[in-house]
Amino acid sequence: MQESFLIFITKISLYPTVIFTGLVMFVSLYWLVSLIGMVDMDTVEFGDSGSDTNVSDLSSTGFFTGLMLKLGLYGVPLIIILSLVSLIGWLLSYVYTSFLHQRIDSGILYYLFGTGALVFVLVVSMWLTGIIISPIRKSIAKIPKRNAANNIGKTAIVRTLSVTDKHGEAELNDGGAGLILKIRRDSDSVEQPLKQGDKVLLVEYLNDSGAYRVALAKDK
């Protein structure tokens, strides 16, 4: 049992699997931190997230942005995309390390083939991730915009440690499982800092960021 575990640790530490091992560890830590409310999740958006993106015209985008559009990597929280790419990439690279890469254990060929495998696995992982999130992206796009306006004036509870003009989340009791909303406060606000557990009033919906501008709720 111990020997098998040591072999497993060795394989996930080999190039190129070690890169995806690091990414999996990073996203796992991110999810853990997110659960205790220290960070919020942002959505990858190119243009109007509520409409179909024209991926045939990429002349005004960078190479990486154009590649993400082509592969359908947009319209959902970035951490979900990164999590799927990391996990799929880790599995594929682990298979490569276990069955193919073991024949070459050192030298230039080791890193040459490893780098080629890294690029191939990364592209395949992004492609598969795009297929997986496609139905999720379409479901998000169908959510009526008016739902955001209906929440104006309601009170929510801050779930992140702090709220700034660029970061923050709150939980709104909708009578069901609850809604996790992105919230922002005015950068020039003179009110006391907002912290976890504070009650805030949803004042305005910010279309550009998909978040709500909030103010500290007054206790009645």
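Residues numbered from 1 in each chain as written. Predicted model: local features only at pLDDT ≥ 70, side-chain atom pairs only at ≥ 80, totals over all residues. Heavy atoms only, no water.

Q: Is there a simple way to think about the nonpolar core in this case?
A: Side chains of nonpolar character tend, in soluble globular proteins, to be buried together. Grouped together as the largest cluster of nonpolar side chains are 13 residues, with contacts concentrated most on A156, I183, V200, L202, Y212 and V214. Elements supplying a minimum of two residues to this core: β1 (155–158), β2 (169–172), β3 (179–184), β4 (199–206) and β5 (211–216). Not counting the four nearest positions on each side in its chain, A156 is found in contact with A170, E171, L172, D198, K199, V200 and L202. Judged by nonpolar contacts, the second largest core, of eight residues, contains L71, V76, V85 and I133. (Core = buried A, V, L, I, M, F, W, Y, C linked by side-chain atoms within 4.5 Å. Buried < 20%, exposed > 50% of the residue type's maximum accessible area, 1.4 Å probe, protein only. Helix = DSSP H or I, 4+ residues; strand = E, 2+ residues; numbered from the N terminus. Contact = heavy atoms within 4.5 Å.)

Q: Explain the pairing of β5 to me, please; I cannot follow it from the model alone.
A: Along any regular strand the residues' side chains alternate between the sheet's two faces. Direction of pairing for β3 relative to β5: parallel, over a ladder of two bridges. Bridged to R184 within β5 is R213. Pairing between β4 and β5: six bridges, direction antiparallel. Residue pairing for β5: L206 is matched across the bridge by A211. In sequence, β4 turns back onto β5 through a hairpin of four residues, with G210 there showing a positive phi of about 65°. (Pairing = 2+ DSSP bridges.)

Q: Hey, could you run me through the environment of A149 in this one?
A: Take A149: it is sitting in helix α6 (residues 146–150). By relative accessible area, A149 is classed as partly exposed at 48%. For the pair A149 and E204, spaced 55 residues apart in sequence, the C-alpha to C-alpha distance is 8.0 Å.

Q: Even after reading the chapter, I still don't get the sheet that holds β5, so can you show me in this structure?
A: The strands making up a sheet associate through backbone hydrogen bonding, with each pair oriented either parallel or antiparallel. What the five strands build is a closed barrel, ordered β1-β2-β3-β5-β4; its pairing is mixed. Each strand axis lies, on average, 55° off the axis of its neighbour in the sheet, ignoring direction. (Axes fitted to C-alpha atoms, helices over the stretch in contact; angles between N-to-C directions.)

Q: Just checking my understanding: could you explain helix α4 (residues 78–99) for this structure?
A: Each α-helix turn comprises 3.6 residues. Residues three or four places apart therefore point the same way. Between its first and last C-alpha atoms α4 spans 32 Å; for 22 residues at 1.5 Å apiece the expected length is 32 Å, and the two agree. Listing the buried residues of α4 in full gives I79, I81, S83, V85, S86, I88, G89, W90, S93, Y96, T97 and S98. (Expected span 1.5 Å × (residues − 1).)

Q: What's the story with the pattern of salt bridges in this structure? I'm lost.
A: Any two side chains of opposite charge can pair, so long as their charged atoms come close to each other. The tally for this structure, following the rule as stated, stands at three salt bridges. For R159, the salt bridge goes to E169, with nearest N and O atoms at 2.3 Å. Here R159, found in the loop between β1 and β2, pairs with E169, found in strand β2; they are 10 residues apart in sequence, far enough to count as distant. You can call E169 buried: its relative accessible area is 5%. Between D198 and K195 there is a salt bridge, and its shortest N-O distance comes to 3.4 Å. Judged by its relative accessible area of 43%, K195 is partly exposed. (Salt bridge = Lys/Arg side-chain N within 4 Å of Asp/Glu carboxyl O.)

Q: Where do I start with the packing of aromatic side chains in this structure?
A: Aromatic ring pairs: the centre-centre distance and the angle between the two ring planes describe each pair. Considering all chains together, one arrives at six aromatic pairs under this definition. Geometrically, the ring pair formed by F8 and W90 is edge-to-face, given 6.2 Å between the ring centres and 70° between the ring planes. Of this pair, F8 sits in helix α1 (residues 2–12) while W90 sits in helix α4, and the two are 82 residues apart along the sequence. Taking the relative accessible area as the measure of exposure, W90 reaches 16% and is therefore buried. Between W90 and Y94 the ring centres are 5.5 Å apart and the planes differ by 15°, which places this aromatic pair in the stacked class. Of the two residues, W90 and Y94 both sit in helix α4, four residues apart, roughly one turn of that helix. Among the aromatic side chains, those forming a connected cluster through ring pairs are F8, W90 and Y94. (Phe/Tyr/Trp six-rings, centres within 6.5 Å; stacked < 30°, edge-to-face > 60°.)

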